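Residues per chain, in single letters:
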Amino acid sequence: MTFCLGIKTKHGLVGLSDTRITSGSETTTSKKVYTVNKRKHSFFIMTSGLRSVRDKAITYFSEVIAHQDDSFSKLYQAVNEFGNQVKIVAKEDKANLEESGLQFNLFSIIGGQLEDDPEPKLYLLYPQGNWIEIRKGTPFVIIGNSGFGHPVLKRSFHYEDSLDYALKCAFLAFDATRISANDVDFPIDTVVLKNDEYFTKEKRFEQRELEHISAFWNNRLKKAIEELPSQVLSSAFEDFEQILENT
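Basis of the calculations
- Residues numbered from 1 in each chain as written.
- Predicted model: local features only at pLDDT ≥ 70, side-chain atom pairs only at ≥ 80, totals over all residues.
- Heavy atoms only, no water.
- Helix = DSSP H or I, 4+ residues; strand = E, 2+ residues; numbered from the N terminus.
- Buried < 20%, exposed > 50% of the residue type's maximum accessible area, 1.4 Å probe, protein only.
- Lys, Arg positive; Asp, Glu negative; His and termini not counted.
- Charge placed at Lys NZ, Arg CZ, Asp CG, Glu CD.
- Patch = residues over 30% accessible without salt bridge, like charges linked within 9 Å, V, L, I, M, F, W, Y side chains within 5 Å.
- Areas by Shrake-Rupley, 256 points an atom, 1.4 Å probe, with all protein chains shown as cover.
- Salt bridge = Lys/Arg side-chain N within 4 Å of Asp/Glu carboxyl O.
- Expected span 1.5 Å × (residues − 1).
- Contact = heavy atoms within 4.5 Å.
- Pairing = 2+ DSSP bridges.
- Axes fitted to C-alpha atoms, helices over the stretch in contact; angles between N-to-C directions.
- Parallel < 35°, antiparallel > 145°, perpendicular 65-115°, else oblique.
- Nonpolar A, V, L, I, M, F, W, Y, C, P; charged D, E, K, R; others polar.

(A) Fine view of the overall build of the protein chain. When its secondary structure is counted, the protein chain shows six helices and 12 strands. Each principal axis of the C-alpha distribution contributes one length, and for the protein chain these read about 85 × 45 × 35 Å. Expressed as a percentage of its 247 residues, the buried residues of the protein chain come to 46%. Once the 30 positive and 35 negative side-chain charges of the protein chain are each reduced to a mean point, those two points are 5 Å apart.

What follows is the structure, given as structure tokens:
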């Protein structure tokens, strides 16, 4: 399983992915983020699904980028082309994979800003090659193990928040997933793209660099629970206590 998260804010984009690869009983580490940075031309791709499918699609797409990249002036055009490469890989490999009991399940988050884009764009690409744009109304998307991170983002993040705040929320969403699922783990890769900067900044973090944040968050949660204005909940014990007093 995988954890990849893309967030759109009014100030730009934030992305975060884990690096754990699980194959049977074996676990390894592999990068799940692909970035392109050129003059007024920057985007990233994060993927979940079979590693062999991901690597093949990215390799095919890299060749296209090497020869045709300048022909893309808006991000959706690059998204369409990556979708075309995913379709090619599906034609080549999907039937054989399914015969072996494996799913062709390559989901992708693609974010960036090209020369004619008025602002950074964020897209979710499906295995079939079609896509949706992630917009202000629901400004984030998770692929892979998505269930544990959603509540953190739903409760805490808004489109108007800063990139710094968005990255903090992204880490907490990952951390909630990490402690709940044994197939998501450190190291993590982050990407940040500011409006009109046209350069995706990428950084890797090891667990030892961030474990103090996890500990801080755990302690704050425990303290917040203790301080909840929960007097009304105490009535759940009153009848039982009354019974004990009368026996």
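(B) A look at the environment of Phe3. Locating Phe3 in the fold gives a position in strand β1 (residues 3–9). For the pair Phe3 and Ser17, spaced 14 residues apart in sequence, the C-alpha separation works out to 5.6 Å.

(C) Region of interest: a nonpolar patch on the surface. Together, Phe216, Trp217 and Leu221 make up a nonpolar patch on the protein surface, roughly 280 Å² of accessible area in all. Exposure remark for Leu221: the relative accessible area of 39% places this residue in the partly exposed category.

(D) Representation of helix α4 (residues 163–178) in the model. With 16 residues, α4 extends 22 Å from end C-alpha to end C-alpha; this agrees with the ideal 22 Å at 1.5 Å per step. Taking burial as the measure, the 16 residues of α4 include 12 buried ones, the bulk of the element. Taken residue by residue, α4 has Leu163, Ala166, Cys169, Ala170, Phe171, Leu172, Ala173, Phe174, Asp175, Ala176, Thr177 and Arg178 as its buried positions. Residues of α4 that are buried in the fold lie against β1, β2 (12–18), α3 (150–156), β11 (188–194) and α5 (207–226).

(E) Geometry of the sheet that holds strand β10 (residues 140–144). Spatially, five strands are ordered β10-β1-β2-β11-β12 in an open sheet, and the strand pairing comes out antiparallel. Whereas interior strands pair on both sides, the edge strands pair on one side only; in this sheet they are β10 and β12 (201–205). Neighbour-to-neighbour, the strand axes of this sheet turn through a mean angle of 15°, independent of strand direction. As defined by bridge partners, β2 adjoins β11 across seven bridges and the pair is classed as antiparallel. Pairing of Gly12 across the sheet is with Lys194, part of β11. Across the sheet, α4 touches β1, β2 and β11, and the angle it forms with β2 is around 20°.

(F) Seen up close, the pattern of salt bridges. According to the stated counting rule, one finds 15 salt bridges in the structure shown. Among the salt bridges present, the one from Arg54 reaches Asp55, with a minimum N-O distance of 3.3 Å. On the basis of relative accessible area, Arg54 is assigned to the buried category, the value being 13%.

(G) The packing of α4 against α5, seen in detail. Relative orientation of the contacting elements α4 and α5 amounts to 85°, with a least axis distance of 11 Å. What the angle tells us is that α4 and α5 run roughly perpendicular. Residues Phe171, Leu172, Asp175 and Arg178 of α4 lie in contact with α5, whose contacting residues are Gln207, Leu210, Ile213, Ser214 and Trp217. Broken down by class, the residue content of the contact of α4 with α5 amounts to five nonpolar, two polar and two charged.

(H) Structural view of the pairing of strand β8 (residues 121–125). In terms of residue burial, β8 counts as a mostly covered element, since five of its five residues are buried. By the alternation rule, side chains of β8 split into Lys121, Tyr123 and Leu125 and Leu122 and Leu124, which are all buried. Across five bridges, the pairing between strand β7 (residues 107–114) and β8 is antiparallel. Opposite Gly111, over in β8, you have Leu122 as the bridge partner. Hairpin geometry of β7 and β8 is characterised by an intervening segment of six residues between the two adjacent antiparallel strands. Summarising the sheet, β8 and strand β9 (residues 131–133) pair through three bridges and their orientation is antiparallel. Directly across from Tyr123, in β9, lies its bridge partner Glu133. Remark: five residues form the turn of the hairpin made by β8 and β9, two consecutive strands paired antiparallel; Gly129 in that turn has positive phi of roughly 95°.

(I) Structural view of the pairing of β10. Within β10, four of the five residues are buried, which leaves it mostly tucked inside the rest of the structure. By the bridge criterion, five bridges tie β1 to β10 in an arrangement that is antiparallel. Across the sheet, Ile7 pairs through a bridge with Phe140, a residue of β10.

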